[in-house]
Amino acid sequence: MLMALQPLLITTLGYSYVQAALLPVMHSLISSLLQPVFGSLADKRGFRVSVAVSILLSGCGIAVLGLLSNHYLAMLGCVAIASVGAATFHPGALCKVASIAVLSNRGRLTSFFIVGGNLGHALGPILAGIVITAGGLSAITWLLIPAVIGALLLLIRPIPDTCPVAARQAESDGEENWKPVILLFTGSTLRSWVTVGTMTFLPTYLVLNGYPLLEATFFISSMLLAGVVGQLAGGYFSDRVGRKPVVIATTLCSIPAFAAILLTNDALQIFAILCFGFFLWASFSVTIAMAHELMPSKIGLISGLFMGIAMGAGGLGVSVSSAIADQFGLTATLSVFPFLILLAALLFSAVGYPRRLS
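Along each chain, numbering runs from 1 in the same order as the chain's sequence is written. Given that this is a predicted model, residues contribute local features only at a pLDDT of at least 70 and side-chain atom pairs are listed and counted only at 80 or more, while totals for whole chains, interfaces and linings are drawn from all residues. The basis for every side-chain value is the complete set of heavy atoms in the structure, and neither hydrogens nor water enter the calculation.

Going by what an unreviewed UniProt entry lists, the protein chain is known as Transporter, major facilitator family and is assigned to Methanothrix soehngenii. UniProt's Subcellular location (unreviewed entry) comment on the protein chain is quoted here verbatim: "Membrane". UniProt positions are given in the numbering used here, feature names are shortened, and annotations may be inferred rather than shown by experiment.

In structure tokens form, the structure reads like this:
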């Protein structure tokens with residue numbers, strides 16, 4: 001929603017590029033930093049915000065922007081409220097996923113959760129464009145309706161979470177080890193750098209190579225949809241053949257797929273884009289499931305780190321890619337991505353993951 005507001009804030013309301021861009025940047029920064037904080041509070045003190053309340057905070061914070069478009073500081077305050085909603089949602093929601101999952105379906109259930117978020121990100125700008133086109137900025141307030149409906153559904157069918165039980169069991173077992181989680185986290189950060197960088201730079205690369213803008217954006221959307229299929233497949237097969245083999249294999253397979261994007265044209269290039277989306281995104285939910293199994297007493301913290309810090313740090317990596325593009329060109333920036341993926345695969349392969357969890 002915040003990204004879709006950018007043109008309207010700049011061209012119609014007269015805000016500067018910096019002012020307009022500060023809204024999504026602030027949301028991303030606050031939510032990324034607060035997620036592990038709320039996750040840690042959930043693990044250590046049992047403090048959890050209801051996911052229904054999280055949905056309401058996020059929905060209300062964004063919807064009220066339509067009434068405050070002429071008051072910039074108030075808009076920043078609303079975005080801050082929405083970001084707190086996002087920060088409390090992921091640790092609490094993933095605790096619930098962890099509570100209903102067992103070893104034989106954890107990968108699949110985690111992938112369902114992550115795919116829901118991916119679809120939201122894909123549909124959000126489209127929904128925002130429709131709402132703003134139909135009724136202007138003030139029409140955003142109507143988005144209170146889906147926020148309230150979503151919150152009510154979560155209240156009507158609450159999902160109990162049993163993270164404290166898992167914590168006590170883990171303490172008695174004494175098997176938790178941060179080293180493999182750190183390796184997973186670092187590899188996930190590099191993967192996030194590539195995913196965000198691809199979505200940022202690939203449309204421009206395609207346009208510069210002769211594709212119309214509409215076709216270029218359509219191919220990116222197709223890549224994201226292939227990623228949805230990949231995540232579901234990755235979660236399913238990780239329950240069948242093991243999490244670590246699926247993570248390593250899919251990450252490695254994404255390297256030649258990305259290289260083919262840069263080396264081919266026309267139908268082969270489009271096919272390579274789809275393959276890249278499928279393989280790279282296939283490991284996302286599986287790495288989270290692995291981290292949950294390795295640190296069952298810290299589900300909230302782990303969820304905040306992987307959904308918040310890793311994604312935010314990956315976004316910061318894109319600024320490095322931007323500097324490379326300014327200095328050496330867009331192709332040079334994109335050519336670095338296969339090496340980042342390879343490094344991520346090496347880190348994943350170094351993870352000490354017990355065979356009984358594979």
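Next comes the rest of the description.
(A) Structural detail: the overall build of the protein chain. Only runs of H or I of at least four residues qualify as helices and only runs of E of at least two qualify as strands under DSSP, and these elements are numbered from the N terminus. Scanning the protein chain from terminus to terminus reveals 14 helices and zero strands. The reference for a compact globule is 2.2 Å times residues^0.38; the radius of gyration itself is calculated from the C-alpha atoms. In terms of C-alpha radius of gyration, the protein chain reaches 20 Å, essentially the compact-globule figure of 21 Å for 358 residues. Taking all 358 residues of the protein chain together, the buried fraction comes to 50%. Within the protein chain, residue pairs in contact and separated by at least 24 positions form 83% of the contacts whose partners lie at least 6 positions apart. Roughly 16600 Å² of accessible area belongs to the protein chain as shown, and the carbon and sulfur atoms make up 72% of that amount. Averaging the locations of the 16 positively and 11 negatively charged side chains of the protein chain gives two centres separated by 8 Å. Partly exposed residues are those whose accessible area sits between 20% and 50% of the maximum for their type, while under 20% is buried and over 50% is exposed, using a 1.4 Å probe and protein chains only. Two residues form a contact once any of their heavy atoms are found within 4.5 Å. Note on areas: these come from Shrake-Rupley sampling with a 1.4 Å probe, and a residue is covered only by the protein chains present in the view. Charged residues are defined here as Lys and Arg on the positive side and Asp and Glu on the negative side; His and the ends of the chain fall outside this count. Every charge is mapped onto a representative atom, which is NZ of Lys, CZ of Arg, CG of Asp or CD of Glu.

(B) View of unusual backbone geometry. Of note in the backbone geometry, Asp266 takes a positive phi value of approximately 55° without being a glycine. Relative to the elements of secondary structure, Asp266 occurs in helix α11 (residues 266–282).

(C) How the structure looks around the packing of aromatic side chains. Between rings of Phe, Tyr and Trp, where Trp is taken as its six-membered ring, a pair exists when centres lie within 6.5 Å; planes separated by under 30 degrees are stacked, by over 60 edge-to-face, and by other angles tilted. One pass over the full model with this rule turns up 10 aromatic pairs. With a centroid separation of 5.3 Å and an interplanar angle of 85°, the aromatic rings of Tyr236 and Phe237 are classed as edge-to-face. Residue Phe237 is classed as partly exposed on the basis of its relative accessible area, which comes to 44%. Aromatic pair Phe258 and Phe337: ring centres 5.8 Å apart, planes at 55°, arrangement tilted. A residue pair is termed long-range when its members are at least 10 positions apart, and Phe258 in helix α10 (residues 243–263) and Phe337 in helix α14 (residues 330–349) qualify at 79 residues.

(D) Molecular detail of the domain arrangement of the protein chain. Each domain of the protein chain was delimited in the assignment, giving domain 1 (1–158) and domain 2 (177–357). What marks off one domain from the next here is an automatic or database domain assignment. One C-alpha centre belongs to domain 1, the other to domain 2, and the line joining them spans 23 Å. In this assembly, 25 residues from domain 1 lie in contact with 30 residues from domain 2. Buried area adds together the accessible area that both of two parts lose upon being put together, with accessible area traced by a 1.4 Å probe. If you sort the residues of domain 1 by the area they bury against domain 2, Asp43, Leu103 and Ile114 come out on top, with a joint share of 21%.

(E) Spatial organisation of the side chain of Ser321. For Ser321, the location among the structural elements is in helix α13 (residues 299–328). Its relative accessible area of 2% is what places Ser321 among the buried residues. Setting aside residues up to four positions removed in sequence, Ser321 forms contacts with Trp193, Phe201, Thr333 and Phe337.

(F) A look at the confidence of the model for the protein chain. pLDDT is defined as a per-residue confidence score from the predictor, taking values between 0 and 100. Residue-level pLDDT values for the protein chain average 83, and 92% of them are 70 or greater. Every residue in residues 164–172 is under pLDDT 50, and counting partners more than four places away or in other chains gives eight contacts.

(G) Just the nonpolar core, in detail. Each nonpolar core is a collection of buried residues, namely Ala, Val, Leu, Ile, Met, Phe, Trp, Tyr and Cys, held together in the definition by side-chain atoms within 4.5 Å. Counting 58 residues, the largest nonpolar core has Leu184, Leu202, Leu206, Phe276, Phe306 and Phe337 as its most contacted members. Three or more residues apiece are contributed to this core by two domains, here domain 1 (1–158) and domain 2 (177–357). Leu202 has contacts with Gly197, Ile220, Met223, Ile261 and Ile273, leaving out every residue within four places of it along the chain. Of all hydrophobic cores here, the second largest spans 21 residues; its members include Ala20, Cys78, Ala82 and Ala139.

(H) Spatial organisation of the packing of helix α9 (residues 213–241) against α10. Axes here refer to lines fitted to C-alpha atoms; in helices the fit is confined to the stretch in contact. Angles between the N-to-C directions go from 0 to 180 degrees. Interhelical geometry of α9 versus α10 gives an angle of 135° and a closest axis separation of 7 Å. Viewed along their axes, α9 and α10 adopt a mutual orientation that is oblique. Contacts between α9 and α10 involve Gly234, Phe237, Ser238, Asp239 and Val241 from the former and Arg243, Pro245 and Val246 from the latter. Put simply, Ala, Val, Leu, Ile, Met, Phe, Trp, Tyr, Cys and Pro go in the nonpolar bin, Asp, Glu, Lys and Arg in the charged bin, and everything else, Gly too, in the polar bin. By residue class, the composition of the contact of α9 with α10 is four nonpolar, two polar and two charged. Put simply, angles under 35 degrees are roughly parallel, angles over 145 are roughly antiparallel, angles from 65 to 115 are roughly perpendicular, and the rest are oblique.

(I) Representation of the environment of Leu294 in the model. If you trace the backbone, Leu294 turns up in helix α12 (residues 284–294). For the pair Leu294 and Pro354, spaced 60 residues apart in sequence, the C-alpha separation works out to 8.8 Å.

(J) Focus on α9. Compared with the 42 Å implied by 1.5 Å per residue over 29 residues, the 41 Å span of α9 between its first and last C-alpha is a close match. Two residues or fewer past α9, Gly242 is found with a positive phi of approximately 115°. For a helix, the expected span equals 1.5 Å multiplied by the number of residues minus one.

(K) A look at the side chain of Gln231. The residue Gln231 is located in helix α9 in this model. The buried category is assigned to Gln231, whose relative accessible area is 1%. Contacts of Gln231, omitting those with residues within four sequence positions, involve Ser111, Ile114, Val115, Asn118, Trp281, Ala282, Phe284 and Ser285.

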